Amino acid sequence: MSWDEQTDGVEERLVGAAADREDLAVEAALRPKDFGEFIGQTRVREQLDLVLRAARARGATADHVLLSGAPGLGKTTLSLIIAAEMGAPIRITSGPAIQHAGDLAAILSSLAEGEVLFLDEIHRMSRPAEEMLYMAMEDFRVDVIVGKGPGATAIPLELPPFTLVGATTRAGLLPPPLRDRFGFTGHMEFYEPTELERVVHRSAGLLAVEVTADGAAEIAGRSRGTPRIANRLLRRVRDYAQVRADGVVTREAARRALAVYEVDERGLDRLDRSVLHALLNLFGGGPVGLSTLSVAVGEERETVEEVAEPFLVREGLLARTPRGRVATPAAWRHLGLTPPAREGGTGQDGLFGM
Ligand SMILES: Nc1ncnc2c1ncn2[C@@H]1O[C@H](COP(=O)(O)OP(=O)(O)OP(=O)(O)O)[C@@H](O)[C@H]1O
């Protein structure tokens with residue numbers, strides 16, 4: 001399987017943040033059901049809790065909520081919690097599933113009063129649907145266009161008040177008129193290792209798997225700040241512990257299992273490391289252009305740029321500069337190599353001493 005063999009929302013990579021088929025099958029059982037069970041994201045949780053309590057006290061439908069953040073951080077989970085806290089039903093759909101304004105009109109017109117509509121990947125909705133959504137969010141009304149050409153007529157349709165929960169990995173891509181119609185925007189952060197340890201312990205309990213404190217810490221440290229990845233690594237370590245050990249998820253079991261899957265102690269996988277290896281060993285740490293680097297790694301440009309680099313940049317291992325990709329001293333150290341001296345003439349002096 002190649003790294004870029006990704007389909008919409010489904011990614012087959014052990015440390016990929018998008019849901020794979022197995023995640024989709026098991027995630028429902030692992031999802032926190034209320035704010036009390038939801039780990040981390042203290043700021044968003046507190047802000048949302050206030051928004052919902054106030055709406056409940058007024059007997060009103062909650063304001064529209066926009067949740068932004070990387071995949072797997074809990075946006076879907078929070079939307080379910082919002083519905084549960086409001087005692088409201090929830091409808092789940094996504095931007096790519098709504099290509100025609102008519103698709104959206106059909107969903108909106110069938111909502112019950114107070115219902116929560118969760119629209120994942122809201123930035124990927126078609127333009128006409130987006131424009132229909134503006135009016136629906138603001139006035140709880142849509143104009144359904146009947147007929148075509150000069151004879152087309154707009155029939156106004158009243159909607160019951162509802163709460164839109166939009167989720168996006170890129171809030172910056174949303175057109176301002178859409179962004180402005182959300183009463184509350186929550187930015188989801190990557191999780192701290194201690195928070196991910198709690199996620200691992202909680203999930204292990206639900207899966208009836210015994211996990212030691214250092215086993216949970218080992219998994220948390222390799223989970224790239226993302227609960228979905230923590231849960232996925234836990235399942236792979238559980239398998240290993242069941243087959244090769246006594247079934248208990250210990251530090252040793254986690255280390256051995258994740259060595260089998262080539263996920264290192266910092267959460268880098270084979271692709272990430274091959275990018276760093278090429279950068280360091282073939283290009284002296286850079287700067288090197290993305291195309292050259294991709295050829296050296298044997299991957300598509302997009303795979304290197306969109307799949308590997310974001311995490312390497314976030315981890316401070318790689319920098320994108322106007323002159324090309326550059327490894328930081330931390331990258332050299334991570335691969336057990338010594339960073340070249342400052343005056344090494346590699347053109348990356350600005351990155352040293354970081
Ligand atoms: N705060 C949390 N506490 C415990 N578990 C969590 C938390 N957030 C997420 N999870 C776990 O991670 C899984 C993925 O979360 P979720 O599907 O909500 O992410 P998402 O941000 O909606 O991802 P996507 O953008 O891919 O739809 C959930 O099944 C849940 O088990």
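Thresholds, definitions, all that
- Residues numbered from 1 in each chain as written.
- Predicted model: local features only at pLDDT ≥ 70, side-chain atom pairs only at ≥ 80, totals over all residues.
- UniProt positions renumbered as here; feature names shortened; annotations may be inferred.
- Helix = DSSP H or I, 4+ residues; strand = E, 2+ residues; numbered from the N terminus.
- Buried ≥ 20, exposed ≤ 12 C-beta atoms within 10 Å, placed from the backbone.
- Contact = placed C-beta atoms within 7 Å.
- pLDDT = per-residue confidence, 0-100.
- Pairing = 2+ DSSP bridges.
- Axes fitted to C-alpha atoms, helices over the stretch in contact; angles between N-to-C directions.
- Near = placed C-beta within 6 Å.
- Domains from an automatic or database assignment.
- Expected span 1.5 Å × (residues − 1).

The protein is annotated in an unreviewed UniProt entry as Holliday junction branch migration complex subunit RuvB of Streptomyces radicis. Quoted verbatim from the Subcellular location (unreviewed entry) field of UniProt, the annotation for the protein is "Cytoplasm". The UniProt entry for the protein carries this comment under Catalytic activity (unreviewed entry): "ATP + H2O = ADP + phosphate + H(+)".

Draft legend 1. Main features of the UniProt feature "binding site: ATP" (unreviewed entry) in the protein. UniProt tags L30, R31, G72, K75, T76, T77, E138, D139, F140, R181, Y191 and R228 as "binding site: ATP" (unreviewed entry). Across 199 residues in sequence, these annotated residues place their C-alpha atoms as far as 36.7 Å from one another, rather than forming a single compact spot. With respect to the secondary-structure elements, D139 resides in helix α5 (residues 127-139). Here R228 lies in helix α9 (residues 227-244). Residue classification places R228 among the buried residues on the basis of 25 C-beta atoms within 10 Å. Excluding anything up to four places from it in sequence, R228 contacts A17, A19, D23 and G72.

Draft legend 2. Broad picture of the confidence of the model for the protein. On average, residues of the protein carry a pLDDT of 90, and 93% of them reach 70 or more. Counted against residues more than four places away or in other chains, residues 1-11, with its pLDDT under 50, gives 22 contacts. Here residues 344-350 scores under 50 on pLDDT; set against residues more than four positions off or in separate chains, the count is 10 contacts. ipTM for the predicted complex: 0.97, alongside a pTM of 0.88.

Draft legend 3. Broad picture of the sheet that holds strand β1 (residues 65-68). Taken in spatial order, the five strands of this open sheet run β2-β3-β6-β1-β7, and their pairing is parallel. The open sheet terminates on both sides in strands that have one partner only, identified here as β2 (90-94) and β7 (184-187). Direction aside, neighbouring strands of the sheet carry axes that sit 15° apart on average. By the bridge criterion, four bridges tie β1 to β7 in an arrangement that is parallel. Counted as the bridge partner of S68 is H187 from β7. Relative to the sheet, helix α2 (residues 42-58) contacts β1 and β7, its axis offset from that of β7 by approximately 160°.

Draft legend 4. The site of the ligand, seen in detail. Inspection of the region around the ligand gives 22 residues, with E27, G74, K75, T76 and T77 positioned closest. Those elements that provide at least two residues to the shell around the ligand are α1 (21-30), α3 (75-86) and α9. When we break the shell around the ligand down by domain, the ones giving at least three residues each are domain 1 (41-187) and domain 2 (193-260).

Draft legend 5. Focus on the UniProt feature "binding site: DNA" (unreviewed entry) in the protein. Following the UniProt record, the feature "binding site: DNA" (unreviewed entry) maps to R301, R320 and R325 here. In three dimensions, the annotated residues from a span of 25 residues occupy one location, with a maximal C-alpha spread of 14.0 Å. Here R320 lies in strand β8 (residues 318-321). Looking at the secondary structure, you find R325 in strand β9 (residues 324-327). We classify R325 as buried; it has 26 C-beta atoms within 10 Å.

Draft legend 6. Region of interest: the domain arrangement of the protein. Segmenting the protein into domains produces domain 1 (41-187), domain 2 (193-260) and domain 3 (270-351). Placing the centre of domain 2 and that of domain 3 at their C-alpha centroids yields a distance of 30 Å.

Draft legend 7. Representation of α9. With 18 residues, α9 should cover 26 Å at 1.5 Å per step; its first-to-last C-alpha distance of 25 Å lies within 8% of that length. Taken together, the buried positions of α9 are occupied by P227, R228, I229, A230, N231, R232, L233, L234, V237, R238, Y240 and A241.

Draft legend 8. Summary view of the pairing of strand β5 (residues 153-158). Taking burial as the measure, the six residues of β5 include zero buried ones, a minor fraction of the element. Sheet topology places strand β4 (residues 141-146) next to β5; six bridges connect them, and they run antiparallel. Its bridge partner lying in β5, V144 is registered against I155. Between β4 and β5, which pair antiparallel one after the other, the connecting turn spans six residues, and G147 there sits at a positive phi close to 85°.

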